[in-house]
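Residue strings, one per chain:
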Amino acid sequence: MPKPDTDKTTEAQRVQQAQQRLAAAKTTRDQRKADAEFDFWADVAAAIDSGEVKQTEACEAIGYKREYVRRQLIEHRAQAKARAATPAPDSTD
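Residues numbered from 1 in each chain as written. Predicted model: local features only at pLDDT ≥ 70, side-chain atom pairs only at ≥ 80, totals over all residues. Heavy atoms only, no water.

Draft legend 1. Spatial organisation of the overall build of the protein chain. Each helix and strand counted, the protein chain has 3 helices and 0 strands in total. In the protein chain, the succession of α and β elements from N to C terminus is α-α-α. Over its C-alpha atoms the protein chain spans a radius of gyration of 22 Å, topping by over 25% the 12 Å that the globule rule assigns to 93 residues. The dimensions of the protein chain, computed from C-alpha atoms along their principal axes, are 75 × 30 × 20 Å. When each of the 93 residues of the protein chain is scored for burial, the buried share is 15%. Within the protein chain, contacts between residues at least 6 apart in sequence are counted, and of these 57% link residues at least 24 apart. Carbon and sulfur atoms make up 53% of the accessible area of the protein chain, which amounts to about 7,800 Å² in all. Between the centroid of the 16 positive side chains of the protein chain and the centroid of its 16 negative side chains there is a distance of 5 Å. (Helix = DSSP H or I, 4+ residues; strand = E, 2+ residues; numbered from the N terminus. Rg over C-alpha atoms; globule rule 2.2 N^0.38 Å. Buried < 20%, exposed > 50% of the residue type's maximum accessible area, 1.4 Å probe, protein only. Contact = heavy atoms within 4.5 Å. Areas by Shrake-Rupley, 256 points an atom, 1.4 Å probe, with all protein chains shown as cover. Lys, Arg positive; Asp, Glu negative; His and termini not counted. Charge placed at Lys NZ, Arg CZ, Asp CG, Glu CD.)

Here it is as structure tokens:
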């Protein structure tokens with residue numbers, strides 16, 4: 001027996017709401033990952049820039065090759081500059 005149109009509409013709305021909720025959760029997850037990655041490279045850059053460790057010593061500690069760290073630090077500094085130029089959203093989170 002086929003479902004009435006109202007049941008199909010209700011089901012479609014339920015599925016759409018679930019999809020929207022999951023898409024929002026994925027966006028939040030992706031932002032948190034990006035923030036964690038940014039914070040990690042900020043810590044690495046700070047340790048190297050302060051002279052606390054040399055780049056090779058930092059590489060040894062974190063398990064990445066020197067060239068990879070060099071590229072990541074260049075990218076991190078560009079992101080930091082972009083974030084500084086962009087005003088922070090007003091949030092009460």
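Now that the structure has been shown, we can carry on.
Draft legend 2. Structural detail: helix H2 (residues 55-62). The complete set of buried residues in H2 reads Gln-55, Ala-58 and Cys-59. Angular distribution of buried residues about the axis of H2 spans 100°; they occupy a single face of the element. Facing away from the buried side of H2 by more than 90 degrees, the exposed set consists of Glu-60 and Ala-61. Each element contacted by the buried residues of H2 is listed here: helix H1 (5-49) and helix H3 (66-85). (Arc of directions from axis to C-beta.)

Draft legend 3. Local environment of H3. Between its first and last C-alpha atoms H3 spans 29 Å; for 20 residues at 1.5 Å apiece the expected length is 28 Å, and the two agree. Among the residues of H3, Val-69, Gln-72, Leu-73 and His-76 are the ones counted as buried. What you see down the axis of H3 is that its buried residues fit within an arc of 105°, all on one side. Exposed side chains of H3 directed beyond 90 degrees from the buried face belong to Lys-81 and Ala-85. Turning to H3, the residues buried within the fold contact H1 and H2. (Expected span 1.5 Å × (residues − 1).)

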